[in-house]
Each structure stands twice: as structure tokens, then as C-alpha cells.
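Fold and contact review
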Amino acid sequence: MNKRIVLLPGDGIGPEVIAQCLKVLRAVEGKFGLTVDTEEALIGGAAIDATGDPLPETTLAACRKADAVLLGAVGGPQWDACPRRPESGLLALRKQLDLFANLRPAVVFPELAELSALHPRTVEKGVDILVVRELTGGLYFGRPAGEEKRGGRRVAFNTMIYSEDEIRRIARAAFSAARSRSGRVCSVDKSNVLHVGRLWRTVVEETHRDWPDVELSHLYVDNCAMQIIINPAQFDVILTGNLFGDILSDEAAAVTGSLGMLPSASLSGPAEDGGTGIYEPVHGSAPDIAGRDTANPFAAILSLAMMLRMTLGLPEAADAVEKAVRAVLREGRRTADIAAVGHKGAILGCNEAGDLTAAKV
Ligand code: NAD
């Protein structure tokens, strides 16, 4: 069956890293005898320049019809004064596609262990965490929220609220993701203090009855924050709500120490439930290095691997891409951002990194 993906290169280094993904995708097609139809569309600043709209209707329509979307990055100082900024196009796309599950892997590649913010002995056992964060509910969207005067004093308030349906669907996304990994989910809440945490834990346990092959454990968020630092190797999938996920996914990213190696996915549900998704590197458009062929394309290429595994149902192809990236690293080849102090040998450009990875596939 032919798969269809939409490429949204966006702004800054976005087009540079997406071009490398396309090379790798073509290599995957050749190796596995499959065909992936690709269509390119505009988003962000590039779309503002061409149409005045950061998310043109044609882009939204193409994304709705696609199996998955691969995005570079949006934004840049030249659009900072626009009434609708480039980033609003991406936010609108996420909302339109109802992408409630944000998946952020944090992997310490042994070859890059020295970039970790932690001591080498803490990460040497191997760190491969997937944070599954609920993205459209919880404290960031709960109502009432606002600021007002009470008794002559300013007060501000937000509401942390989750329905059982919201908890169930993100738990399903986490259990589904765990099945294609080590099969362990650690659900993170604050059920010792918050009502929301108690419902969270109850519904996660109820949902788990349909996934008996996946191991489930629970941690309070404060303990989880400590455990990520003390012993990150213990985690497989971390399942959590919007606020805690925002913080823990950045904490886990810091454990890897390299922004240029971090992929992500935002999904409207597991593929077996018909969910679709946007796959994108965690980094932004890096205007300071755009157009210089120095960007690290691995975060985008690893996002492509996530897409192959999670939405397109091609785990062998995903493995091949991830192994190719590892092979490039193992040969000591580095883009500028991940070259340690004292690195010997030529620095890889963005294009060369893409060519090498495609060749390894
Ligand atoms: P950034 O991630 O673009 O850059 C931060 C620093 O990391 C810069 O020094 C940059 O050169 C470096 N960097 C980032 N990605 C790199 C890569 N692949 N290879 C090598 N170096 C890399 O964050 P920022 O500077 O805060 O934001 C720049 C623009 O990107 C802003 O307009 C911001 O709104 C936008 N942004 C977009 C997204 C997105 O599209 N999802 C995410 C974050 C920021």
C-alpha cells in the first residue's frame, strides 16, 4: 500500500534538515521496496511571505489527507512583527488535527555520552526514555483561568482538570508506544495531593487492563524528577499530563545534552486507532546558522524514523534509519553542534550528514 506524507520544511534550517530526510526516505524506499508519496506545502514564515497566512487552507487540507506530516521548523526575526506570527501556524495545525499526545524520546547515544549534563557513570548503562505528554488538556487549558481583584488584592488562578476520556486516550497512546519498545510504562502524577492525580491513576490502571503485556508502575512527579537525574536508565515510557510532561520532557532532554539529536511526534492517537501525527525535531529554526549548511539534520532524520515506526507501521525501516545514524556517529563523524571539545577530523555539514546517513541505510 502506498503511503502519503506531507513535508512542511518551514523556515530557517527547516528546509535544510527536511532535504536530508528526503534523501534518507528515498534510500529507505529503495532498500525496502516501498513507495512513499511526498507532497511539499508551506507553513510559518514561508507561508506568510507567499500567502499572508502562516497556515494556508491548502496546507491544512493536504495534512488532513496525509498519513503523516514531517515538519522542519518555523519562525525567524523577520516575522516577529507580523500580526500572525509563524509559530501560530504550527499551533493552529496541531489544534486542527487534534494532536493530544506529545512523544519526546530522550536517548543518550553512547558515542555522545560526554555531551550529557550528567556524570558519565550515570548514563553509561544507556538512557532511552520516551516521555508521552498529554498536550491539549490539564492546567494549561482548564477553565476558569484568569486574574482579578479579590478584597482589593490581585489574584491569579488556573484550573487543573482532566476528564476520564482525556486520561484514557493518552494512556492508550503510551501503552501502544511501549509495545514497540521495552514494554514498560511509568505513569507520573501527584495523587498524594491532587484530586486530578487520583483520577489519573485510577483511569490509567483501568486502561491498563487491556494491555496486560505492558508493565505499569507509578511515581509521584517530584520523585520522578529526582529519578531522571539519579538513574535515568530505569525508564522506558513515562506517561504524564500536560504540566508535568512539559517539565519532565525538558529535564530528560537535558540528560542527553544535544538539542540537535532530539526528535518528537505529536499524535491524534495510536496508529491502530486511526491516529495521525506530526513528526518534527524539537529544535527551532535556528536563524543564527540558517543557510550555512552547518545544521545538524539528525533530529529531523530521527523524527522520520519515529514516523516510519509509529504511523506508517514500518518498524524495520525505522530501525534501519536509526542504525544508519548510529553508524555515522560510531565512525566519529560529527556536525559542529555535537563535536566535543578536542574533536579531531573534519566537521560534517548538513548535506554531507544526510548523504552519509542515506548511504548507510
Ligand atoms: P532554536 O532551537 O532555533 O536554536 C537554539 C540554538 O540551538 C541556536 O544557537 C541554534 O543555532 C542551535 N540549534 C538549533 N537547532 C540546531 C541544529 N539542528 N543544528 C545545530 N544547531 C542547532 O531556538 P531559538 O533560537 O530559541 O528559536 C529560533 C526560532 O525558532 C524562533 O523564531 C522560535 O520561535 C522558533 N522555534 C520554532 C520551533 C518549532 O518550529 N517547533 C521550536 C522552537 C523555536
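Structure shown above.
First, a word on scope: everything that follows refers to the structure included in this document. (Residues numbered from 1 in each chain as written. Predicted model: local features only at pLDDT ≥ 70, side-chain atom pairs only at ≥ 80, totals over all residues. Heavy atoms only, no water.)

Points about the packing of aromatic side chains
The way to describe two aromatic rings as a pair is by their centre distance and the angle between their planes. The criterion, for reference: What counts as a ring pair is set by centres within 6.5 Å for rings of Phe, Tyr and Trp (its six-membered ring), and what kind of pair is set by the plane angle: stacked under 30 degrees, edge-to-face over 60, tilted for all other angles. Look at NZ for Lys and CZ for Arg. If either is within 6 Å of the ring centre and within 35 degrees of the ring normal, a charge sits over the ring.
The full count for this structure, using the stated rule, is two aromatic pairs. Just above the ring of Phe 100 sits the side chain of Arg 169; from NZ or CZ to the centre is 3.9 Å.

Things to note about the site of the ligand
Formally: We define proximity as follows: a residue is near a molecule or strand when any one of its heavy atoms falls within 4 Å of that partner. Under the rule applied, a polar contact is a pair of N or O atoms within 3.5 Å (in protein, one hydrogen donor and one hydrogen acceptor; residues adjacent in sequence only if both atoms are side-chain atoms). Residue classes follow a fixed rule: Ala, Val, Leu, Ile, Met, Phe, Trp, Tyr, Cys and Pro count as nonpolar, while Asp, Glu, Lys and Arg count as charged, and any other residue, Gly among them, counts as polar.
Taken together, 19 residues form the shell around the ligand, and within it Glu 87, Gly 284, Ala 286, Asp 288 and Asn 296 come nearest. Contacts to the ligand include Gly 76, whose backbone N or O atom sits 3.2 Å from an oxygen atom. In the environment of the ligand, an oxygen atom lies 2.8 Å from a nitrogen or oxygen atom belonging to the side chain of Asp 288. Partitioned by chemical class, the residues of the shell around the ligand number nine nonpolar, six polar and four charged.

Quick word on the environment of Ala 173
Let me state the cut-off plainly: The helix count covers DSSP runs of H or I at least four residues long, the strand count covers runs of E at least two residues long, and both are numbered beginning at the N terminus. Contacts are assigned to residue pairs that have any heavy atoms within 4.5 Å of one another.
Its place among the elements puts Ala 173 in helix α6 (residues 164-179). A C-alpha to C-alpha distance of 8.9 Å links Ala 173 and Ala 271, two positions 98 residues apart in sequence. Sequence-distant contacts of Ala 173, defined by excluding residues within four places in its chain, comprise Ala 101 and Pro 270.

Topic: the sheet that holds strand β2 (residues 36-40)
In plain terms, the rule: Being paired, for any two strands, means DSSP has found at least two bridges between them. Interaxial angle, 0 to 180 degrees, is taken between N-to-C directions of lines fitted to C-alpha atoms, where a helix line uses only the stretch in contact.
Overall, mixed pairing links the ten strands, which are arranged β2-β1-β3-β12-β11-β4-β5-β10-β8-β9 in an open sheet. At either end of the open sheet lies a strand with only one pairing partner, and these are β2 and β9 (215-220). Strand-to-strand twist of the sheet, defined as the mean angle between neighbouring strand axes without regard to direction, takes the value 20 degrees. Along the sheet, helix α3 (residues 57-65) makes contact with β1 (3-10), β2 and β3 (68-73), crossing β1 at roughly 145 degrees.

Structural notes on the side chain of Thr 59
Selection rule: Burial classes: relative accessible area under 20% of the type maximum marks a residue as buried, over 50% as exposed, and values in between as partly exposed (1.4 Å probe, protein chains only).
The residue Thr 59 is located in helix α3 in this model. Thr 59 sits in the buried class, given a relative accessible area of 2%. Ignoring sequence-local partners within four residues, the contact set of Thr 59 consists of Leu 8, Ala 41 and Leu 42.

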